[in-house]
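Listed below, chain by chain, are the residues.
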Amino acid sequence: MTDAASAVVEQVRATVARLYPGVDDALDTAARPSEHADAQVNVALGLAKRVGKNPREVAQQIADALELQGICSRIEVAGPGFLNLTYDDAYLARLVASVARDSSLGVRPAATAERVVIDYSAPNVAKEMHVGHLRSTVIGDALVRMCVRVGHTVLRENHIGDWGTPFGMLIEHLIDLGEVGAARELSVGDLDAFYKQARQKFEESEQFQARSRHRVVSLQGGDAETLRLWGLLVAESARYFDSVYSKLGVLLTNDDLRGESAYNSLLPSVVERLANAGMLVTDAGAEVVFPDGFTNRDNEPLPLIIRKKDGGYNYATSDLACVIDRIERLGATLLLYVVGAPQAQHLSMVEAVAQKAGWLSPPHRMVHVAFGSVLGSDRKMLKSRSGDSVKLVELLDEAVERADASIAEKNPELSAAERRNVARMIGIGAVKYADLSNDRVKDYVFDWERMLSFDGNTAPYLQYAHARICSIFRRAQVSRTEARTAEVIVKHPGERALVLWLLQYDSAVWDALDRHSPHRLCTYLYELATRYTSFYEHCPVLRADDDATRASRLALCDVTARVLADGLAMLGIEVPEQM
Ligand code: ARG
């Protein structure tokens with residue numbers, strides 16, 4: 001255990017139990033870092049209330065009885081009855097040295113390893129990926145990596161929109177263009193144009209409409225030729241999505257594709273199981289379920305449509321099949337849906353129906369990892385200059401171009417090939433980090449200057465802190481693995497502040513994981529880089545006064561760089577050794 005507080009908490013509990021036997025354990029015995037102390041314990045407040053005493057007196061009594069020799073160098077009663085604790089420097093030094101020697105950097109593995117399905121990215125076939133899909137892809141990728149890091153088994157699922165009525169018109173348009181021409185257009189990612197042309201024909205020509213409707217029927221009926229043409233649309237789009245994923249450097253591959261169509265054969269059983277559960281109701285010709293607690297604006301019960309009047313199934317039906325599949329076939333206990341906030345109602349209705357039907361019950365649970373929109377500088381939805389939605393690939397290419405230009409300026413010594421590679425890490429990292437560092441449920445403004453800045457809460461700032469440490473080691477002529485075995489000395493306030501923060505890594509990772517909120521990890525890493533910068537300014541490393549201090553500071557440099565690299569890796573961001 002590398003957490004500085006746990007020894008304190010244990011001792012606080014024991015002391016309270018000794019002084020006040022029988023007062024129950026619901027007391028808040030946590031030791032939290034605060035502005036005024038390394039750790040603050042508030043147990044006296046609750047305890048005093050329980051036993052009818054003055055909280056400051058109770059606090060003093062506990063302070064006198066605590067046996068924290070070798071752990072705390074000072075215990076003070078403050079304010080209404082807080083206990084302000086200062087850790088012993090040698091204690092901190094010992095703890096951070098054990099983090100330095102731990103390949104897991106003090107991060108505890110999950111108490112129970114689970115099977116986690118993460119549903120993310122999910123663009124739609126023959127439609128452009130927009131920035132909403134970028135958010136889902138980047139946030140989902142970070143959650144995948146975080147879950148894997150603590151020992152969960154992650155099943156990635158890319159629930160692409162590859163089924164439904166629009167495919168009638170899309171297939172007919174493909175036939176009009178000719179397979180070769182259509183495939184070309186789709187594989188280069190000109191999906192918007194393809195979709196728009198189909199849509200336009202559909203609106204303008206009754207004959208095209210009739211063909212499209214007919215085609216939907218053949219598709220649903222499983223007509224082989226129609227399925228072949230449909231498969232072409234899916235394959236070409238998937239090829240394009242994959243090119244975006246590899247540019248982004250996310251873990252998704254075509255093996256993770258599990259689109260709406262994959263649940264097709266399960267849909268009749270969803271209807272049957274709902275009917276058997278007595279939940280299916282006929283409403284205006286459609287078969288629906290009314291989950292408890294959902295109403296429309298007029299306060300009337302809101303239906304989840306399972307089967308439309310024309311016999312077709314719905315988006316919700318495949319999501320229900322999906323819940324069953326993930327729990328019963330895949331054996332997952334946690335289902336994460338990294339989907340935009342506008343689908344909150346849809347997903348909570350699906351959840352409510354799955355619960356009521358008995359398919360989803362503890363320990364199985366479903367969590368909507370919702371996110372807000374990406375805005376332009378005008379605070380409206382991000383659009384390109386021409387007013388269309390921004391093409392993702394172009395955005396990523398621009399990020400790399402811009403990063404390239406700024407490195408060329410900052411570090412002209414890098415070879416062209418090195419610069420290219422570093423520019424990719426910085427440009428892509430900047431885009432991802434700008435997305436991840438904002439509380440996901442909020443909207444954020446897409447701002448090139450800010451995200452690529454080497455100052456502030458940005459990827460380049462963190463990458464730079466890491467690269468600077470690498471450069472210290474190049475000059476020090478000490479290997480990183482050797483450095484981390486040194487004895488650590490905590491003396492200077494700059495060292496102390498850095499060490500205290502390094503010891504928080506485990507709780508930062510778990511905090512981000514428990515809330516499915518990567519931005520909490522970003523905030524931690526930013527503060528780490530800031531404390532490192534201040535340490536570096538005030539505590540000479542290579543020119544330290546003596547060898548022991550130099551070795552200790554090198555050990556701190558090494559562990560800081562590892563935490564930065566490990567934390568950024570969980571966010572899907574690479575770290576260059578120089579930049
Ligand atoms: N394809 C959908 C969209 O673009 C997102 C699907 C999300 N996942 C799900 N299981 N419903 O909005």
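What comes next concerns the included structure. Small disclaimer: the values here were computed from a predicted structure and weren't measured.

1. Looking at the sheet that holds strand β7 (residues 281-283)
Across a sheet, paired strands are connected by hydrogen bonds in the backbone, their directions being either parallel or antiparallel.
Link 1 in the chain: The 3 strands lie next to each other as β7-β8-β9, forming an open sheet whose pairing is antiparallel. This sheet does not close on itself; its edge strands, each paired only once, are β7 and β9 (304-307). The sheet shows a mean angle of 50° between the axes of neighbouring strands, direction not considered.
Link 2 in the chain: Sheet analysis places strand β8 (residues 286-289) next to β9, joined by 3 bridges and oriented antiparallel. Across the sheet, the residue bridging to Val289 is Leu304, located in β9.

2. Notes on the pattern of salt bridges
Link 1 in the chain: Following the criterion strictly, the structure yields 37 salt bridges and no others.
Link 2 in the chain: In this structure, the salt-bridge partner of Lys201 is Asp176, at a minimum N-O distance of 2.6 Å. On the criterion of sequence distance, the pair formed by Lys201 in helix α8 (residues 191-204) and Asp176 in helix α6 (residues 166-177) is long-range, its members being 25 residues apart.
Link 3 in the chain: For Asp176, a relative accessible area of 38% corresponds to the partly exposed category.
Link 4 in the chain: Between Arg211 and Asp176 there is a salt bridge, and its shortest N-O distance comes to 2.7 Å. With a gap of 35 residues between them, Arg211 in helix α9 (residues 206-220) and Asp176 in helix α6 connect regions that are remote in the sequence.
Link 5 in the chain: Salt bridges linked by common partners bring Glu172, Asp176, Lys201, Arg211 and Arg215 together as one network.

3. Examining the sheet that holds strand β11 (residues 365-371)
Link 1 in the chain: The strand order across the open sheet formed by 4 strands is β6-β5-β10-β11, and the pairing between neighbours is parallel. One side of each edge strand has no neighbouring strand; the edge strands of this open sheet are β6 (153-157) and β11. Ignoring strand direction, the axes of neighbouring strands in this sheet form an average angle of 20°.
Link 2 in the chain: Running over the sheet, helix α5 (residues 131-149) touches β5 (115-119), β6, β10 (334-340) and β11 and is turned about 135° from β11.
Link 3 in the chain: Its contacts with the sheet place helix α13 (residues 344-356) against β10 and β11, and it is angled at close to 180° to β11.

4. As for the site of the ligand
Link 1 in the chain: Around the ligand sit Asp119, Ala122, Asn124, His133, His159, Tyr315, Asp319, Tyr337, Val339 and Gln343, and that is every residue in its neighbourhood.
Link 2 in the chain: At 2.9 Å, a side-chain N or O of Asn124 approaches a nitrogen atom of the ligand.
Link 3 in the chain: Mapped by element, the contributors of at least two residues to the shell around the ligand are α12 (315-329) and β10.
Link 4 in the chain: Partitioned by chemical class, the residues of the shell around the ligand number 4 nonpolar, 4 polar and 2 charged.

5. Focus: the packing of aromatic side chains
Link 1 in the chain: Taken as a whole and assessed by the stated rule, the structure comprises 10 aromatic pairs.
Link 2 in the chain: With a centroid separation of 6.1 Å and 70° between ring planes, the pair formed by Phe454 and Tyr464 is classed as edge-to-face. With Phe454 in the loop between α16 (448-451) and α17 (459-476) and Tyr464 in helix α17, the pair connects residues that are 10 residues apart, well separated along the chain.
Link 3 in the chain: Judged by centre distance (5.7 Å) and plane angle (70°), the ring pair of Tyr461 and Tyr526 falls under edge-to-face. On the criterion of sequence distance, the pair formed by Tyr461 in helix α17 and Tyr526 in helix α21 (residues 518-538) is long-range, its members being 65 residues apart.
Link 4 in the chain: For Tyr461, a relative accessible area of 12% puts it in the buried group.
Link 5 in the chain: A network of ring pairs unites the aromatic residues Trp501, Tyr505 and Tyr524 as a single cluster.
Link 6 in the chain: A cation sits over an aromatic face here: Arg480 above Phe473, 5.3 Å from the ring centre.

6. Overview of the nonpolar core
Link 1 in the chain: With 162 residues, the main nonpolar core has Val8, Tyr87, Ile118 and Leu571 as its most contacted residues.
Link 2 in the chain: A per-element tally of this core places helix α22 (residues 547-570) first, with 10 residues.
Link 3 in the chain: Leaving out residues up to four positions away in the same chain, Ile118 has contacts with Gly140, Leu143, Val144, Cys147, Val154, Leu155, Arg156, Glu157, Leu336 and Val338.
Link 4 in the chain: Counting residues in hydrophobic clusters, the runner-up holds 35 residues, among them Val117, Met279, Leu304 and Ala354.

Quick notes on the rules
Residues numbered from 1 in each chain as written. Predicted model: local features only at pLDDT ≥ 70, side-chain atom pairs only at ≥ 80, totals over all residues. Heavy atoms only, no water. Pairing = 2+ DSSP bridges. Helix = DSSP H or I, 4+ residues; strand = E, 2+ residues; numbered from the N terminus. Axes fitted to C-alpha atoms, helices over the stretch in contact; angles between N-to-C directions. Salt bridge = Lys/Arg side-chain N within 4 Å of Asp/Glu carboxyl O. Buried < 20%, exposed > 50% of the residue type's maximum accessible area, 1.4 Å probe, protein only. Contact = heavy atoms within 4.5 Å. Near = heavy atom within 4 Å. Polar contact = N/O pair within 3.5 Å; in protein donor to acceptor, adjacent residues only side chain to side chain. Nonpolar A, V, L, I, M, F, W, Y, C, P; charged D, E, K, R; others polar. Phe/Tyr/Trp six-rings, centres within 6.5 Å; stacked < 30°, edge-to-face > 60°. Lys NZ or Arg CZ within 6 Å of the ring centre and 35° of its normal. Core = buried A, V, L, I, M, F, W, Y, C linked by side-chain atoms within 4.5 Å.

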